[in-house]
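If you want the building blocks of each chain, they are given just below.
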Amino acid sequence: MNPKAAFILDLLVPFGPYMRRADGLPAFDNWPALFWRVLSPMFLIYWLASQIPYVGTIAYMLILVPLSAAMHARSNGRPYGEVLLHYLVVILIGFGGVWSFVGHTFLADQVAASIGWATGSPFQTELAFFTLGSAIAGLLGIWLGGHLITALVITKSVFLYGAAGVHIHDALFGDNFSYLNIGPPLIG
């Protein structure tokens, strides 16, 4: 890959260079760098991508993340499919869980209203802590990989299929066709 293109890709997918460096390091090495040099720019970039409804986040996850995973697979000699799954788990479950925790904790009423649900429900706090637990496990996947990745895919898949059922039921029987009820949750 062209060095300029690789540099831009690393700016847009900050998990890429971190994950490439984490290969072969001791478990849990360099946590401060993960939080300050990776998660904070990832929040900004992911937020910018999400400002283009549907297309931005989907393009990010279907184009930029797979390109970053391909660069990682080439540089480390690991199979592309394995690296891509690893990236998707760390980014979607790890980072996505932190993103969800922040929204359901600090912007709970705004998130509930945008989904078309009642505000003030303690369920959002429960959901926030579930996603935080998943996020921590997803971020641990940077170092642990293997069966942890499989367990996270199963856990998150069951949750997402169940949540999709709830959102579809709410649309059909509650006439809730808000963007965040039938949009990203169903795409996820």
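Novice: Can you tell me about the pattern of salt bridges, naming the residues and giving the values?
Specialist: On inspection of all chains with the given rule, the structure shows two salt bridges. D10 is paired through a salt bridge with R20; the nearest N and O atoms lie 2.8 Å apart. Taken together, the positions of D10 in helix α1 (residues 3-12) and R20 in helix α2 (residues 15-22) put the pair 10 residues apart, joining distant regions of the chain. With a shortest N-O distance of 3.2 Å, E82 and R78 are connected by a salt bridge.

Novice: If you had to explain the nonpolar core to someone new, which residues and values would you point to?
Specialist: Nonpolar side chains in soluble globular proteins tend to end up buried together. If you look at the biggest cluster of nonpolar residues, it comprises 32 residues, and the most contacted ones within it are F15, L34, Y60, I91, L139 and I142. Every element with two or more residues in this core is listed here: α1, α2, α3 (31-50), α4 (55-76), α5 (80-106) and α7 (123-144). The biggest single contributor to this core is α3, with eight residues. In this structure, F15 is in contact with L34, V38, L39, M42, V90, I91, F95, L139 and I142, ignoring residues within four places of it in sequence.

Novice: Go over the packing of aromatic side chains with me, naming the residues and quoting the values.
Specialist: This model, assessed by the stated rule, comprises 11 aromatic pairs. Here Y46 and Y60 contribute two aromatic rings whose centre-to-centre distance is 6.3 Å and whose plane-to-plane angle is 90°, an arrangement assigned as edge-to-face. Here the residue Y46 occupies a position in helix α3, and Y60 occupies one in helix α4, the gap between them amounting to 14 residues. Grouping residues by exposure puts Y46 and Y60 together as buried. The structure contains a cluster of three or more aromatic residues connected by ring pairs, namely F15, F43, Y46, Y60, F95 and W99.

Novice: Let's hear about α1: which residues, and what values?
Specialist: Those residues of α1 that sit buried are A6, L9 and D10. Seen from one end, α1 has its buried residues packed into an arc of 100°, which puts them on one side. Exposed and facing more than 90 degrees away from the buried side of α1 are K4 and F7. Buried residues in α1 make contact with α2 and α4.

Novice: Describe in detail the environment of G16, supporting the description with residues and values.
Specialist: Mapped onto the secondary structure, G16 falls in helix α2. Residue classification places G16 among the buried residues on the basis of a relative accessible area of 0%. Put simply, G16 and L180 are 164 residues apart on the chain and 28 Å apart in space, counted from C-alpha to C-alpha. Ignoring any residue separated from it by four or fewer positions in sequence, one finds G16 in contact with S68 and Y87.

Novice: Any chance you could break down α7 for me, citing the residues and the numbers?
Specialist: Helix length check: α7, at 22 residues, gives a terminal C-alpha distance of 31 Å against a target of 32 Å (1.5 Å per residue), a fit within 8%. For α7, every residue scored as buried is listed here: Q124, L127, A128, T131, S134, A135, A137, G138, L139, G141, I142 and W143. Taken together, the buried residues of α7 touch α2, α3, α5, α6 (108-115) and α8 (146-174). The positive-phi residue at the C-terminal boundary of α7 is G145, with phi of around 50°.

Novice: With reference to specific residues and values, describe the packing of α5 against α8.
Specialist: Put simply, α5 and α8 touch, their axes get as near as 10 Å, and they point 50° apart. Regarding the angle of α5 to α8, the classification is oblique. By crossing handedness, the relation of α5 to α8 is classed as left-handed. Residues L85, H86, V89 and I93 of α5 touch α8, and the partners they reach there are I149, L152, V153 and K156. Its residues assigned to classes, the contact of α5 with α8 shows six nonpolar, one polar and one charged.

Novice: Now, about the side chain of Q124: what can you tell me, with residues and values included?
Specialist: Mapped onto the secondary structure, Q124 falls in helix α7. The exposure class of Q124 is buried, given its relative accessible area of 7%. Those residues in contact with Q124, other than ones at most four positions away along the chain, are H104, A108, D109, V111 and A112.

Conventions used here
Residues numbered from 1 in each chain as written. Predicted model: local features only at pLDDT ≥ 70, side-chain atom pairs only at ≥ 80, totals over all residues. Heavy atoms only, no water. Salt bridge = Lys/Arg side-chain N within 4 Å of Asp/Glu carboxyl O. Helix = DSSP H or I, 4+ residues; strand = E, 2+ residues; numbered from the N terminus. Core = buried A, V, L, I, M, F, W, Y, C linked by side-chain atoms within 4.5 Å. Buried < 20%, exposed > 50% of the residue type's maximum accessible area, 1.4 Å probe, protein only. Contact = heavy atoms within 4.5 Å. Phe/Tyr/Trp six-rings, centres within 6.5 Å; stacked < 30°, edge-to-face > 60°. Arc of directions from axis to C-beta. Expected span 1.5 Å × (residues − 1). Axes fitted to C-alpha atoms, helices over the stretch in contact; angles between N-to-C directions. Parallel < 35°, antiparallel > 145°, perpendicular 65-115°, else oblique. Left-handed = near helix turned anticlockwise from the far one by under 90°. Nonpolar A, V, L, I, M, F, W, Y, C, P; charged D, E, K, R; others polar.

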